[in-house]
Amino acid sequence: MAIKESAAVPRPRESESVDDYLKAIYTLSGDTQRRVGSKELADRLSVAPASVTNMLQRLAAAQDSLLLYERHHGVVLSPAGRKRALELVRHHRLIETFLYEVLGYEVDELHEEAERLEHFISEKFEERMAAKLGNPKADPHGHCIPAMDGTMPKQHRVSCTCE
């Protein structure tokens, strides 16, 4: 029996780890896309600094690299890495919104559950979930949800509303 192209294929554990690095780099670098140091990344991911350095070197050496890494100067996402990170952020925030609005989860339960699920949803599921929720602009925490095209709306600091 052939597997359809649109069928969800389980992602290897290593892909989840790479995704976690990309999302952490995006979160730490912010809109300024500043370089993130290995120690800062290690603290965020709760891993040893040497493990971070090894992963960053391996990812930077890969063809079609998702990040740009310079020893002693930190790491920044490549355009492809930023796009993937924003896709993960979108998945995470849509899942949190779905869990809160549709399934009645409490706010303090959202993050951990979304962390587990964000790696595994298909684009079709993402589109349907967004449509079911009325294409929300913000998650239950007030954080902007990236658009389908991989762009992040600007967030107003005072009101936490998204344009």
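Up top is the structure.
The rules behind each value
Residues numbered from 1 in each chain as written. Predicted model: local features only at pLDDT ≥ 70, side-chain atom pairs only at ≥ 80, totals over all residues. Heavy atoms only, no water. Helix = DSSP H or I, 4+ residues; strand = E, 2+ residues; numbered from the N terminus. Buried < 20%, exposed > 50% of the residue type's maximum accessible area, 1.4 Å probe, protein only. Contact = heavy atoms within 4.5 Å. Areas by Shrake-Rupley, 256 points an atom, 1.4 Å probe, with all protein chains shown as cover. Salt bridge = Lys/Arg side-chain N within 4 Å of Asp/Glu carboxyl O. Axes fitted to C-alpha atoms, helices over the stretch in contact; angles between N-to-C directions. Parallel < 35°, antiparallel > 145°, perpendicular 65-115°, else oblique. Left-handed = near helix turned anticlockwise from the far one by under 90°. Nonpolar A, V, L, I, M, F, W, Y, C, P; charged D, E, K, R; others polar. Arc of directions from axis to C-beta. Polar contact = N/O pair within 3.5 Å; in protein donor to acceptor, adjacent residues only side chain to side chain.

## Digging into the overall build of the protein
In step 1: Per the secondary structure count, the protein includes 6 helices and 2 strands.
In step 2: What you see in the protein, going N to C, is helices and strands ordered as α-α-α-β-β-α-α-α.
In step 3: In the protein, which comprises 163 residues, the proportion classed as buried is 37%.
In step 4: Contacts spanning at least 24 positions in sequence make up 55% of the contacts within the protein whose residues lie at least 6 apart.
In step 5: Accessible surface, the protein: about 10,100 Å² in total, of which carbon and sulfur atoms supply 52%.

## Points about the pattern of salt bridges
In step 1: Within the structure shown, the criterion is met by 9 salt bridges.
In step 2: Measuring nitrogen to oxygen at the nearest pair gives 3.1 Å for the salt bridge that ties Asp43 to Lys39. Taken as a pair, Asp43 and Lys39 lie in helix α2 (residues 38–45) at a separation of 4 residues, close to a single helical turn. Assigned by exposure class, Asp43 and Lys39 land together as exposed.

## Remarks on the packing of helix α4 (residues 79–101) against helix α5 (residues 107–117)
In step 1: At their nearest, the axes of α4 and α5 sit 9 Å apart, and the two run at 130 degrees to each other. Classified by the angle between their axes, α4 and α5 sit oblique to one another. The chirality of how α4 crosses α5 is right-handed. Together, His92, Ile95, Glu96, Leu99 and Tyr100 of α4 and Val107, Leu110, His111, Glu113, Ala114, Glu115 and Leu117 of α5 make up the contact between the two elements.
In step 2: Considering only residue class, the contact of α4 with α5 consists of 7 nonpolar, 2 polar and 3 charged.

## Let's talk about the packing of α2 against helix α3 (residues 49–61)
In step 1: Where α2 meets α3, the axes come as close as 8 Å, and the angle between the chain directions of the two elements is 110 degrees. As the angle between them shows, α2 and α3 are arranged roughly perpendicular. Residues Ser38, Leu41 and Ala42 of α2 form the contact with α3, whose own contacting residues are Pro49, Val52, Thr53 and Leu56.
In step 2: The class makeup of the residues in the contact of α2 with α3 is 5 nonpolar, 2 polar and no charged.

## Structural notes on α2
In step 1: Those residues of α2 that fall on the buried side of the exposure criterion are Ser38, Leu41 and Ala42. In an axial view of α2, the angular spread of the buried residues amounts to 100 degrees, which keeps them on one side of the axis. Turned more than 90 degrees off the buried face of α2, the exposed positions are Lys39 and Asp43.
In step 2: Once α2 finishes, Ser46 follows within two positions and takes phi at roughly 55 degrees, a positive value.

## Some points on the environment of Glu96
In step 1: Along the chain, the position of Glu96 falls in helix α4.
In step 2: Taking the C-alpha atoms as reference, Glu96 lies 7.9 Å from Glu113; in sequence the two are 17 residues apart.
In step 3: Ignoring anything within four residues of it in the chain, the contact list for Glu96 reads Leu110, His111, Ala114, Asp139, Pro140 and His141.
In step 4: A polar atom in the side chain of Glu96 sits 3.3 Å from the side chain of His141.

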